[in-house]
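The chain contents come next:
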Amino acid sequence: MDFRRKISQVRQLRKRLKAATVSGAYTLTKYCLNCKNLWLSNDDKVYCDRLDRLDFSASLGCRYCIFLLNALKHFNLFDDRRWFALSGRKGSYYLNSLVGDVQLELYTPTGCPPAWHGIAQDANPLDAVLSGSPRTSEAYEFIRSCLRDCDANHPECKIAGQKLPTRLLDVQQEGAQQVILVETESLPVGHSTTYVALSYCWGGQQNLTLRSENLEVMKLGLMVSSLPQTLQDAIAVTRALGQQYLWVDALCIIQDSPSDWEVESSKMASVYRDAYLTIAAATASDVTQGFLSRNYREKNTWYKEPYHEEWINQEACPTILGARLINEVFGHDGDNRRVPVLPWNLRGWTLQEQFLSRRLLKYDAYELRWVCQHKSACQCRSDLSCRLLAKDPLDLPTYKLESAQLTHEHWRRIVDDYTARDLTDARDKLPAISGLAHVFQQVIQSPYIAGMWENQLPLALLWFTWENQVKYAPQLYGAPTFCWASISSPVRALEESDFHDGWVSQTVVEDTCSIVDGKDPLGRVKDGWIKLRGYIFKADLVDHPRQCYFRHWIFAKYHGETDFHRDTWLEEFQATNEHGDLERSVRRKRQPSVISRQDSEPSPSEIKQGAVVYLFLVGFSTSSGQLDVYFLVLGLSSDKPGMYERLGLVRHSYFTKSRRKMEEITSGTVAAADGYKVITIV
């Protein structure tokens, strides 16, 4: 019955379209069958067509197709070979290119009658375009509108049990030439205080920081003009938003006091969590550059003013129909390789500052971006940023993580991102992520071992770095060698989803230890170890300096010669084994005090045939037609006789669909072991 009714509706529509086309008069019935879908449920793509067919429909008098063609020509997008899809989402209508990254959004300006029922208005006003710079009134109105909406409608973004940082900058009123450093414990009891936090790149040494000798002077006042431009801009934004206090690490932590730095850096979780708003100066690679003077329209080579026409709606009321160009990549998809990586996204400390903030205002390359626990928005008011953030369940806001399993997976993704970032001081590897670790530990409920969670062992040992990103081992101690925090290269941490049909562990964790170096229980460590019970294999490391990809290979009985992911550059040395005998072994090559070519391999100290390494069986994973065997590659410890240090990871793959063959391989691997014992990795 429904099918017959639809057929009847289509026939009637064709008659109306034919009558309108013949008369040549401008009437409300002049729309084609495709454009009829504009009035239907707007939650999916409704049609797809080529522009030459759109042109033909326009020639027959379809007012909507005429408008679309005029808009495409205005934006220099007309190409009769290009396919477009017309779609609707939550009151917004889009013409999307199926080849390329652009879309046109159709809307009616605020204050005008809707061009048709359901078309977006308030969310997409005619002036919802990129402002010339972050200083404009339009930019500040965007920020205020986001704050108002969040304050009124997002209870999950509200601060519960706020604890103020030790120090804050009192930015005074608009136009004041000084700011004052205040100790928050001196504020009146019951004083309701909110503050803005700044997340930015130092880019080297700052010319003015809080130090022991100028602490009292800064409490008397500090000239704004003496500060680097990024800090001046942050003060200007704080004042414009009607906030009195600002937190900046360089001016609120005593930089020459290790004890103050240690205490305050351990509070990062609460500093950014409890801030009224966090400002992210994403475009500035140096504190002297600032972020308010950027000209967005100059940076946006794809930007063009919106197109609009006078229109008559279904109620015969005059109005305006507008279209604006939105680029789906630039300004919206930060993961796209064609988008330049912003300096802020390369700094190690800013990752936790981003994820710890309940509300983040990001001064991006092309526009302002807003992210809170409830939504994401951009100044152009497209819903693209919201949809792109929602495409991955692991992109959940930090304070919405409730499942331990999902939190573990989220942590591994964070490790992948974090280890690819830069730190000025290698010793900050763990402190710069300890704030996030404190928040995650509340959900995971597990002891923390230098960046790893005890209840995820031994699976958490399966991390590696790519061969072309291998570097020296850090000069100073940062973490035990079995932890990813012990190296300077980006790492890839495997997770349960990497093992399609399951994971079978062959390792028993007997004991773990992490000795903290300081007051932060999740911060720096000065020693640590892990005791594992399992199968160990003696093997030889083979040096292939002219190999096309893997520099070193391992030769072991049963498995033969196999490549492996080394953690760092390696060198040969004389070690003492557990029996007290000297043995040619291999260790990580530490970074020398002076290096001439840090990004290329050091002059080869070739590891000769016969240098001993050890394989420790971690476990097996199976998938359709494949069995993977995972080993830790170990060398004898250079300073703790009888113990081991991690050198890398081996994944040996067998391709077979036979379950019997897989069982033979696993049993054969275990039988070929040189022993089953407890070892200690330091």
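Remember, predicted model here, so these are calculated numbers, not experimental data. (Residues numbered from 1 in each chain as written. Predicted model: local features only at pLDDT ≥ 70, side-chain atom pairs only at ≥ 80, totals over all residues. Heavy atoms only, no water.)

A. Inspection of the sheet that holds strand β15 (residues 376-378) at higher detail. Pairing within the open sheet is mixed, and its nine strands lie in the order β8-β6-β5-β9-β7-β10-β13-β14-β15. The open sheet is flanked by β8 (222-223) and β15, the only strands paired with a single partner. Relative to strand β9 (residues 245-247), strand β5 (residues 167-170) runs antiparallel, the two sharing two bridges. Paired with L169 across the bridge in β9 is L246. Across the sheet, helix α5 (residues 137-153) is in contact with β10 (277-280), β13 (359-363), β14 (368-372) and β15; its angle to β14 comes to roughly 10°. (Pairing = 2+ DSSP bridges. Helix = DSSP H or I, 4+ residues; strand = E, 2+ residues; numbered from the N terminus. Contact = heavy atoms within 4.5 Å. Axes fitted to C-alpha atoms, helices over the stretch in contact; angles between N-to-C directions.)

B. Structural context of the pairing of strand β29 (residues 626-636). The buried fraction of β29 amounts to eleven of the eleven residues, a majority that puts the element mostly inside the structure. Bridge count for strand β28 (residues 611-623) against β29 is nine bridges, and the pairing is antiparallel. Bridging across to β29, G619 finds its partner in Y630. Remark: two residues form the turn of the hairpin made by β28 and β29, two consecutive strands paired antiparallel; G625 in that turn has positive phi of roughly 80°. Note that β29 and strand β30 (residues 644-655) share eleven bridges and pair antiparallel. Bridging from a neighbouring strand, F631 pairs with V650 of β30. (Buried < 20%, exposed > 50% of the residue type's maximum accessible area, 1.4 Å probe, protein only.)

C. Geometry of helix α9 (residues 258-265). Every buried residue of α9 is listed here: D260, E262, E264 and S265. Buried residues along α9 sit against β5, α10 (268-273), α12 (348-356) and α15 (431-444).

D. Local environment of helix α7 (residues 229-240). The end-to-end C-alpha distance of α7, which contains twelve residues, comes to 16 Å, matching closely the 16 Å that a straight helix rising 1.5 Å per residue would cover. Every buried residue of α7 is listed here: T230, L231, D233, A234, I235, V237, T238 and R239. Directly beyond the C-terminal end of α7, a positive phi value near 75° is found at G242. (Expected span 1.5 Å × (residues − 1).)

E. Representation of the packing of aromatic side chains within the structure. Tallied over the entire structure, the rule returns 17 aromatic pairs. With a centroid separation of 6.1 Å and 75° between ring planes, the pair formed by F67 and W311 is classed as edge-to-face. Linking F67 in helix α4 (residues 63-74) with W311 in strand β11 (residues 307-312), this pair joins segments that are 244 residues apart in sequence. A single burial state applies to F67 and to W311, both of which are buried. Measuring from centroid to centroid gives 4.8 Å for Y472 and W569, while their planes differ by 85°, and the two rings are edge-to-face. Of the two residues, Y472 sits in the loop between β18 (463-464) and β19 (492-493) while W569 sits in the loop between β25 (565-566) and β26 (570-576), which places them 97 residues apart along the sequence. We note that Y472, like W569, is buried. In textbook terms, an aromatic cluster arises when at least three aromatic residues are bridged by ring pairs, as seen for Y64, F67, Y307 and W311. The ring of Y399 carries R358 above its face, with NZ or CZ at 4.3 Å from the centroid. Against the face of W463 rests R646, its NZ or CZ located 3.5 Å from the ring centre. (Phe/Tyr/Trp six-rings, centres within 6.5 Å; stacked < 30°, edge-to-face > 60°. Lys NZ or Arg CZ within 6 Å of the ring centre and 35° of its normal.)

F. How the structure looks around empty space enclosed by the protein. Here the structure, examined in full by the defined rule, presents six cavities of 30 Å³ or more. Each pocket or cavity is described by its volume, and for the largest cavity that value is around 140 Å³. Taken together, 14 residues form the lining of the largest cavity, with W411, R412, A460, W484 and A493 sitting closest to its centre. Looking at the lining of the largest cavity element by element, the count peaks at four residues for helix α14 (residues 404-418). (1 Å grid on protein atoms, 1.4 Å probe; cavity = no way out; pocket = protein on both sides within 12 Å on 5 of 7 lines; lining within 4 Å. Points joined across faces, edges and corners; volume = space filled by probe spheres on them.)

G. Spatial organisation of the pattern of salt bridges. For the structure shown, the criterion picks out 26 salt bridges. Put simply, R587 and E571 hold a salt bridge, and the shortest N to O gap is 3.0 Å. Residue R587 is located in strand β27 (residues 582-588), and its partner E571 is located in strand β26; the two are separated by 16 residues in the primary sequence. One continuous salt-bridge network, built from bridges that share partners, spans R167, E183, E216, K219 and D260. (Salt bridge = Lys/Arg side-chain N within 4 Å of Asp/Glu carboxyl O.)

H. Focus on the packing of α12 against α14. Where α12 meets α14, the axes come as close as 10 Å, and the angle between the chain directions of the two elements is 145°. Only H410, I414, D417 and Y418 of α14 make contact with α12, whose side of the interface consists of G348, L351 and F355. When its residues are assigned to classes, the contact of α12 with α14 shows four nonpolar, two polar and one charged. (Nonpolar A, V, L, I, M, F, W, Y, C, P; charged D, E, K, R; others polar.)

I. The arrangement of the packing of α14 against α15 in detail. Where α14 contacts α15, the axes come no closer than 10 Å and their chain directions differ by 165°. Here α14 is positioned roughly antiparallel relative to α15, judged by the angle of their axes. Of the two possible hands of crossing, α14 and α15 adopt the one that is left-handed. Contact residues: α14 offers A404, T407, H408, H410, W411, I414 and Y418, while α15 offers A432, I433, L436, A437, F440, V443 and I444. Grouping the amino acids of the contact of α14 with α15 by side-chain chemistry returns eleven nonpolar, three polar and no charged. (Parallel < 35°, antiparallel > 145°, perpendicular 65-115°, else oblique. Left-handed = near helix turned anticlockwise from the far one by under 90°.)

J. Fine view of the environment of I66. Here I66 is to be found in helix α4. Residue I66 is classed as partly exposed on the basis of its relative accessible area, which comes to 23%. Separated by ten residues in the primary sequence, I66 and F56 have C-alpha atoms spaced 9.7 Å apart. Look past the residues within four positions of I66 in its chain and what remains in contact with it is A58 and G61.

K. Unusual backbone geometry, seen in detail. Between L457 and P458 the backbone carries a cis peptide bond, its omega angle lying at 5°. A positive phi angle, near 50°, is found at A450, a position not held by glycine. The topology assignment puts A450 in the loop between β16 (448-449) and β17 (452-453). Judged by relative accessible area, which is 2%, A450 ranks as buried.

L. Summary view of the side chain of S199. Secondary-structure assignment places S199 in strand β7 (residues 195-199). On the basis of relative accessible area, S199 is assigned to the buried category, the value being 0%. Not counting chain neighbours up to four residues away, the residues in contact with S199 comprise Y272, T278, I279, A280, A281, W344, T350 and E353.

M. Highlighting the layout of surface pockets. In this structure, the second largest pocket occupies an estimated 1100 Å³ of space. Along its surface, the second largest pocket is lined by 44 residues, and Q255, W261, W349, D425 and D428 are the ones closest to its centre. Here the lining of the second largest pocket takes four residues from α9, the largest share from any one element. For the lining of the second largest pocket, the residue count by class is 15 nonpolar, 15 polar and 14 charged.

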